[in-house]
Amino acid sequence: MNEANGPVALLRRIRVWLVFFIVCLVLSGLTAFPLVTELHLLEDALTSWAAPVAELFPGLLEWIARVRAGLDVADAQYPFLLYGTDWLAFAHLVIAVAFYGPYRDPVRNIWVIEFGMIACAGIIPLALICGPIRDIPFWWSVIDMSFGAFGIVPLLVVRRMIKRLEAAQALGTAQVPVGAPAPQAVGGP
């Protein structure tokens, strides 16, 4: 088997993709903690050095100012409401930890990848249903949906590579060419 296409190289590529996905989840989670500060910084940026962006997307500054004002009121008068975003952040971090299973043993833990794909797909109906209920502008819901659309891509790539790795393991040292569909393992006697 070509070393570049072998199980060790395949496992390495799977792990690189998983580390990328885990880092994205962790960063996404960590940014949910300091929302009040982030919104102040974002509004300041859109009224100074990033003003061209605000001019290009006129509703953006208005929306950011509205969200910032709402968070300011919540933070000053009802800080317990922001506890919900702390749990959102924590959930991202916990989900990121779950992807250590496929990192350690991709074939055995492929279900975590499939769970992540289902979660990514679930973002779309959530945004389409809850966005209007919560008075979220449609264009912001599209941004939210893009997290699911972009998030599923590395998971699809990883799932495909795991299936190839599984086939290679089932066939011992047999070759599984890159890009080829995973051969079906033959049952025992």
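Provided above is the structure to which this section pertains.
The following paragraphs examine the structure supplied in this document. On a predicted model such as this, the values are computed, not experimentally measured, just so you know.

## So, helix α8 (residues 138-170)
With 33 residues, α8 extends 47 Å from end C-alpha to end C-alpha; this agrees with the ideal 48 Å at 1.5 Å per step. Among the residues trailing α8, Gly172 stands out with phi positive, at a value near 75°.

## Some thoughts on the nonpolar core
Ranked by internal contacts, the top residues of the largest apolar core, which has 19 residues, are Ile14, Leu18, Phe99, Ile113, Leu155, Val158 and Ile162. Elements supplying a minimum of two residues to this core: α1 (7-30), α7 (110-133) and α8. Looking at which element gives the most residues to this core, the answer is α1, with 6 residues. When sequence neighbours within four positions are dropped, the list of residues in contact with Val158 reads Ile14, Trp17, Leu18 and Ile113. If you look at the next biggest cluster of nonpolar residues, it comprises 11 residues, including Leu39, Ala45, Ala54 and Trp63.

## Some points on the environment of Leu156
Checked against the element boundaries, Leu156 lands in helix α8. Leu156 gets classed as partly exposed once you look at its relative accessible area, which sits at 42%. Put simply, Leu156 and Ile113 are 43 residues apart on the chain and 8.2 Å apart in space, counted from C-alpha to C-alpha.

Calculation notes
- Residues numbered from 1 in each chain as written.
- Predicted model: local features only at pLDDT ≥ 70, side-chain atom pairs only at ≥ 80, totals over all residues.
- Heavy atoms only, no water.
- Helix = DSSP H or I, 4+ residues; strand = E, 2+ residues; numbered from the N terminus.
- Expected span 1.5 Å × (residues − 1).
- Core = buried A, V, L, I, M, F, W, Y, C linked by side-chain atoms within 4.5 Å.
- Buried < 20%, exposed > 50% of the residue type's maximum accessible area, 1.4 Å probe, protein only.
- Contact = heavy atoms within 4.5 Å.

Read these as geometric descriptors, not functional statements.
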